[in-house]
Amino acid sequence: MTVRTWVDPVDVHAVADRVEALFRSVFGGTADGVWVAPGRVNLIGEHVDYAGGLVLPFALPYVTTVAVRARDDDQLHCVSTHTEERWHGDLSEVAPGHPPGWAAYVAGVVWALRDSGTVSAGTGFDVAVHSSVPVGSGLSSSAALECAFALAVADLLGLPTDADGRFGLIAACIRAENQIAGASTGGMDQTVAMLAHPGHALLLDCSSGATRLVPIDFASANGRLLVIDTNAPHRLVDGQYGNRRAALEKACAELGVETLRDIDDADAALGSLTAPESVKRVRHVLTEIRRVSEVVELLTQARIADVGNLLTSSHLSLRDDYEVSSVELDSAVDAALEAGAWGARMTGGGFGGSALALVPADRVEAVVERVLRSAARASLPTPQFLSAEPSRSAHRLRPTSCRWSR
Ligand code: GLA
């Protein structure tokens, strides 16, 4: 079997052509437009978004596209190039757990916009989906789908899509994922998919909602950020993610704070927790938030190589204190460090999915080779590598200029 080592970003217009072709073949006629949203990688700030922490993700040059046509009834029809599993149904019947599977990410967006009174009944949608974001790799293909579709709905119904409008859409996407798809995720992924900027990471304060673009230029220091997809599927709709979230809520109740961000004295807080497991979980969150600020400071001073140590500390904390790593992720991180990476860590929700490595340009081949060898030696799935160029947020691709108002 041939193994694909590098997954090159597909030209966005090629992805759009494919989704339009699918749309025509299934629904007939043409779509009203094509919208696109990126997958993301989180540089640092892991498992802290739902704790009111700081996160520093950026958009990847891998995108999910949707071709959408509005309908004059309450029906939603969804089809994707990635699965035979199609869904169509009445939007008034969307509820937690219904529809099941991937269509929940689409249906949930309309449900949330209707529930908040932003959109009224009487408009449905035909939706075709095609994505170049690897699915199940912890690179937020589901948030990309929600955001591309939310932007389509906004455009087609004449809702604002400026920065303020986007915050409303982000909230709808988060509710779709939490309440309809049943994944209790924190909101980082939807926010970066909607607000990212090329050449920048997005510093998001999940307590205040404030955002700031932080320039990142690894090449200026002869560095390169590799995304390593371990090919070990990562699942958010299972219990582990929710367990971690629940553990933090319990710790907050014990500490008498609303979120861990409200803690001023970390040592006192850790000393007052009774269960050793709570101490570990909270320690991860408090130290990780501090690491995000330190990374931002180093980036501001263009001290790229120094960021590496903080990435590696983040991994150790996620592995040992938060316990969300996996043998595949540890293998990739250890191998990257052995081969000369400045730093490496798992990224995203964990339990499989992807890692990242900050590597001096002249060590890239050695790192790739060592990561592959280490996986093969342990009989793990063969990892693949992705480009990590900080890219654009969700936007309408076709038509390029047009306004709808229904
Ligand atoms: C997933 C979730 C995010 C975030 C990360 C961990 O990607 O969707 O909200 O919690 O895990 O940092």
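Up top is the structure these notes are about.
Residues numbered from 1 in each chain as written. Predicted model: local features only at pLDDT ≥ 70, side-chain atom pairs only at ≥ 80, totals over all residues. Heavy atoms only, no water.

Peer 1: Looking at this model, I keep getting lost on the site of the ligand. Mind explaining?
Peer 2: Around the ligand, the structure places 14 residues, and the nearest of them are Glu46, His47, Asp49, Asp189 and Tyr241. In this structure, Asp49 approaches the ligand through a side-chain N or O atom, which is 2.5 Å from an oxygen atom. Interatomic distance of 2.8 Å between a backbone N/O atom of Gly186 and an oxygen atom of the ligand. In isolation the ligand has 300 Å² of accessible area, and contact with the protein removes 99% of it. In the shell around the ligand, the residues fall into four nonpolar, six polar and four charged. Here the shell around the ligand spans two domains, since at least three of its residues come from each of domain 1 (9-214) and domain 2 (215-387). (Near = heavy atom within 4 Å. Polar contact = N/O pair within 3.5 Å; in protein donor to acceptor, adjacent residues only side chain to side chain. Areas by Shrake-Rupley, 256 points an atom, 1.4 Å probe, with all protein chains shown as cover. Nonpolar A, V, L, I, M, F, W, Y, C, P; charged D, E, K, R; others polar. Domains from an automatic or database assignment.)

Peer 1: Can you help me understand the packing of helix 3 (residues 141-157) against helix 4 (residues 163-180) in this one?
Peer 2: Pairs of packed helices are described in terms of their axes, by the angle between the two and the distance that separates them. Relative orientation of the contacting elements helix 3 and helix 4 amounts to 130°, with a least axis distance of 9 Å. The pairing of helix 3 with helix 4 is recorded here as oblique in orientation. Where helix 3 crosses over helix 4, the two elements pack in a sense that is right-handed. Residues Ser142, Ala143, Glu146, Cys147, Ala150, Leu151 and Ala154 of helix 3 touch helix 4, and the partners they reach there are Arg166, Leu169, Cys173 and Glu177. Per-class residue counts for the contact of helix 3 with helix 4 are seven nonpolar, one polar and three charged. (Axes fitted to C-alpha atoms, helices over the stretch in contact; angles between N-to-C directions. Helix = DSSP H or I, 4+ residues; strand = E, 2+ residues; numbered from the N terminus. Parallel < 35°, antiparallel > 145°, perpendicular 65-115°, else oblique. Left-handed = near helix turned anticlockwise from the far one by under 90°. Contact = heavy atoms within 4.5 Å.)

Peer 1: How do you make sense of a negative patch on the surface when you look at a structure like this?
Peer 2: On the surface, a cluster of negative charge is made up of Glu258, Asp262, Asp264, Asp265 and Asp267. Among the secondary structure elements, Asp267 is positioned in helix 7 (residues 266-272). Accessibility expressed as a relative area gives 64% for Asp267, which makes it exposed. (Patch = residues over 30% accessible without salt bridge, like charges linked within 9 Å, V, L, I, M, F, W, Y side chains within 5 Å. Salt bridge = Lys/Arg side-chain N within 4 Å of Asp/Glu carboxyl O. Lys, Arg positive; Asp, Glu negative; His and termini not counted. Charge placed at Lys NZ, Arg CZ, Asp CG, Glu CD. Buried < 20%, exposed > 50% of the residue type's maximum accessible area, 1.4 Å probe, protein only.)

Peer 1: Teacher, can you tell me more about the nonpolar core here?
Peer 2: Inside soluble globular proteins, nonpolar side chains tend to come together where they are buried. Residues Leu56 and Leu299 are the most contacted members of the largest nonpolar core, which totals 73 residues. Ranked by residues supplied to this core, first place goes to helix 8 (residues 276-300) with 10 residues. When we break this core down by domain, the ones giving at least three residues each are domain 1 (9-214) and domain 2 (215-387). The residues touching Leu56, leaving out its near neighbours within four places in the chain, are Asn42, Leu43, Ile44, Ala201, Leu202, Leu203, Val214, Val292, Val295, Val296 and Leu299. Judged by nonpolar contacts, the second largest core, of 54 residues, contains Ala70, Trp87, Leu156 and Leu159. (Core = buried A, V, L, I, M, F, W, Y, C linked by side-chain atoms within 4.5 Å.)

Peer 1: What am I meant to see in the environment of Pro38 here?
Peer 2: Following the sequence through the fold, Pro38 ends up in strand 2 (residues 33-42). Given a relative accessible area of 3%, Pro38 falls into the buried group. Distance in space between the C-alpha atoms of Pro38 and Gly353 is 17 Å, their sequence separation being 315 residues. Ignoring sequence-local partners within four residues, the contact set of Pro38 consists of Ala59, Leu60, Tyr62, Val63, Ala144, Ala193, Arg392, Ser393 and Ala394.

Peer 1: How should I be thinking about helix 8 in this particular structure?
Peer 2: Think of an α-helix as turning once every 3.6 residues; residues three or four places apart then point the same way. With 25 residues, helix 8 ought to run about 36 Å at 1.5 Å a step, and its terminal C-alpha atoms sit 37 Å apart, in line with that. Following helix 8 by one or two positions, Ala302 adopts a phi angle in the positive range, close to 55°. (Expected span 1.5 Å × (residues − 1).)

Peer 1: Could you clarify how one ought to interpret the sheet that holds strand 11 (residues 343-347) in this entry?
Peer 2: To summarise the sheet geometry, strands pair through backbone hydrogen bonds and adopt either a parallel or an antiparallel arrangement. The five strands are arranged 1-13-10-12-11 in an open sheet whose pairing can be described as mixed. Across the chains shown, the open sheet's two edge strands, defined by having one partner strand only, are strand 1 (6-7) and strand 11. Strands in contact with helix 10 (residues 327-338) are strand 10 (223-229), strand 11 and strand 12 (354-360); relative to strand 11, the strand with the most contacts, it is inclined by about 165°. Seen against the sheet, helix 11 (residues 364-377) touches strand 1, strand 10, strand 12 and strand 13 (384-387) and runs at an angle of roughly 20° to strand 10. (Pairing = 2+ DSSP bridges.)

Peer 1: Hey, could you run me through helix 10 in this one?
Peer 2: Taking 1.5 Å of rise per residue, the 12 residues of helix 10 would be expected to cover 16 Å, and the 16 Å separating its terminal C-alpha atoms lies within 8% of that figure. Every buried residue belonging to helix 10 is among Glu328, Leu329, Asp330, Ser331, Ala332, Val333, Ala335 and Ala336, and all of these are buried. Check the buried side of helix 10 and you find it contacts strand 10, helix 9 (304-320), strand 11, strand 12 and helix 11. Positioned one or two residues after helix 10, Gly340 has a phi angle of 105°, which is positive.

Peer 1: Help me out: how do you make sense of the pairing of strand 12 in this one?
Peer 2: In the case of a regular strand, side chains alternate between the two sheet surfaces. Most of strand 12 is tucked away, with seven of its seven residues classed as buried. Both faces of strand 12 are covered, namely the face carrying Ser354, Leu356, Leu358 and Pro360 and the face carrying Ala355, Ala357 and Val359. Here strand 10 runs beside strand 12; their pairing, made up of seven bridges, is antiparallel. When the sheet's bridge partners are listed, Leu225 is paired in strand 12 with Leu358. Summarising the sheet, strand 11 and strand 12 pair through five bridges and their orientation is antiparallel. Paired with Arg345 across the bridge in strand 12 is Leu356. With antiparallel pairing between neighbouring strands as the criterion, strand 11 and strand 12 make up a hairpin whose turn holds six residues, including Gly348 at a positive phi of roughly 85°.

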